[in-house]
Structure formats: structure tokens, C-alpha cells
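Residues per chain, in single letters:
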Amino acid sequence: MLLVASWIAIATLSLQVRPGAEAVAVVFPPWWSAQQVFAAAASANAAIIRMTAIPSLLVVRPDDHDGLTRLRGAGAWLAMDPQAIAACLTK
């Protein structure tokens with residue numbers, strides 16, 4: 001149990017979005033189509049920087065004013081450092 005708890009703590013700390021980060025990777029529900037993911041990102045005023053091999057995972061530049069909050073409101077499950085998902089960026 002201690003091993004699992006420490007693994008979760010390390011993963012949480014390493015995937016966190018850095019304060020002042022320009023770009024973030026956002027995860028939308030996996031059953032959403034690419035069109036739904038793009039529409040959700042656009043509704044949050046986030047500029048799409050990169051697509052990944054996983055359609056529900058995008059690298060975006062959120063709006064300066066409450067960008068991450070808007071992305072979560074648009075359906076994003078998780079926002080993380082884009083360097084943490086570098087292996088998924090190859091399409």
C-alpha cells in the first residue's frame with residue numbers, strides 16, 4: 001500500500017503544470033471524437049499547439065484569463081506538463 005501511495009505522489013508531482021506555463025497537455029474523455037475534443041478546446045479559448053497519437057489528448061495554449069478553469073469546464077479531465085507526455089506526441 002505504501003508503494004502505491006508513493007508512486008501516486010511522485011506521478012502527481014511530476015505531471016503538475018508548472019506555474020506560468022504557456023502550454024499544457026489536456027486530457028478529455030477517451031470516448032470523445034477528435035471533433036468533440038477540438039470543439040471543447042475552442043470553446044475554452046485555447047489555441048491548439050499539437051495533436052497527439054491519442055485523439056483525446058491535446059497540447060494547447062490556454063487563454064490568459066482563467067484558461068485552465070475554462071478547459072476543465074469544457075470537459076477536460078486533467079491538465080499536465082506537456083513534457084511529461086512527450087512519448088504520446090508522435091503521430
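A.B. asks: How should I be thinking about a nonpolar patch on the surface in this particular structure?
C.D. replies: The grouping of V4, W7 and I8 at the surface amounts to a nonpolar patch, some 340 Å² of accessible area in total. I8 sits in the partly exposed class, given a relative accessible area of 44%.

A.B. asks: Sorry, what's going on with the sheet that holds strand 2 (residues 47-51) here?
C.D. replies: The four strands are arranged 2-3-1-4 in an open sheet whose pairing can be described as antiparallel. Across the chains shown, the open sheet's two edge strands, defined by having one partner strand only, are strand 2 and strand 4 (78-80). Neighbour to neighbour, the strand axes of the sheet diverge by 35 degrees on average, direction disregarded. Inspection of the sheet shows strand 2 paired to strand 3 (residues 57-61) by four bridges, in the antiparallel sense. Its bridge partner being in strand 3, M51 is matched across the sheet by L58. On top of the sheet, helix 2 (residues 34-43) reaches strand 2 and strand 3; it is set at about 20 degrees to strand 3, its chief contact.

A.B. asks: Which parts of the structure should I look at to understand the confidence of the model for the protein chain?
C.D. replies: Parts of the model with low pLDDT should not have their predicted coordinates read in detail. For the protein chain, the mean per-residue pLDDT works out to 82, and 81% of the residues sit at or above 70. When pLDDT is averaged over each element of the protein chain, helix 2 comes out on top at 93 and helix 1 (residues 2-15) at the bottom at 73.

A.B. asks: I tried to follow the pairing of strand 3 on my own but got confused; where do I start?
C.D. replies: Consecutive residues of a regular strand have side chains that alternate between opposite faces of the sheet. When you tally the buried positions in strand 3, you get four out of five residues, the bulk of the element. When strand 1 (residues 24-27) meets strand 3, the two strands line up antiparallel, connected through four bridges. If you follow A25 over to strand 3, its bridge partner there is V59.

The rules behind each value
Residues numbered from 1 in each chain as written. Predicted model: local features only at pLDDT ≥ 70, side-chain atom pairs only at ≥ 80, totals over all residues. Heavy atoms only, no water. Patch = residues over 30% accessible without salt bridge, like charges linked within 9 Å, V, L, I, M, F, W, Y side chains within 5 Å. Areas by Shrake-Rupley, 256 points an atom, 1.4 Å probe, with all protein chains shown as cover. Salt bridge = Lys/Arg side-chain N within 4 Å of Asp/Glu carboxyl O. Buried < 20%, exposed > 50% of the residue type's maximum accessible area, 1.4 Å probe, protein only. Pairing = 2+ DSSP bridges. Helix = DSSP H or I, 4+ residues; strand = E, 2+ residues; numbered from the N terminus. Axes fitted to C-alpha atoms, helices over the stretch in contact; angles between N-to-C directions. Contact = heavy atoms within 4.5 Å. pLDDT = per-residue confidence, 0-100.

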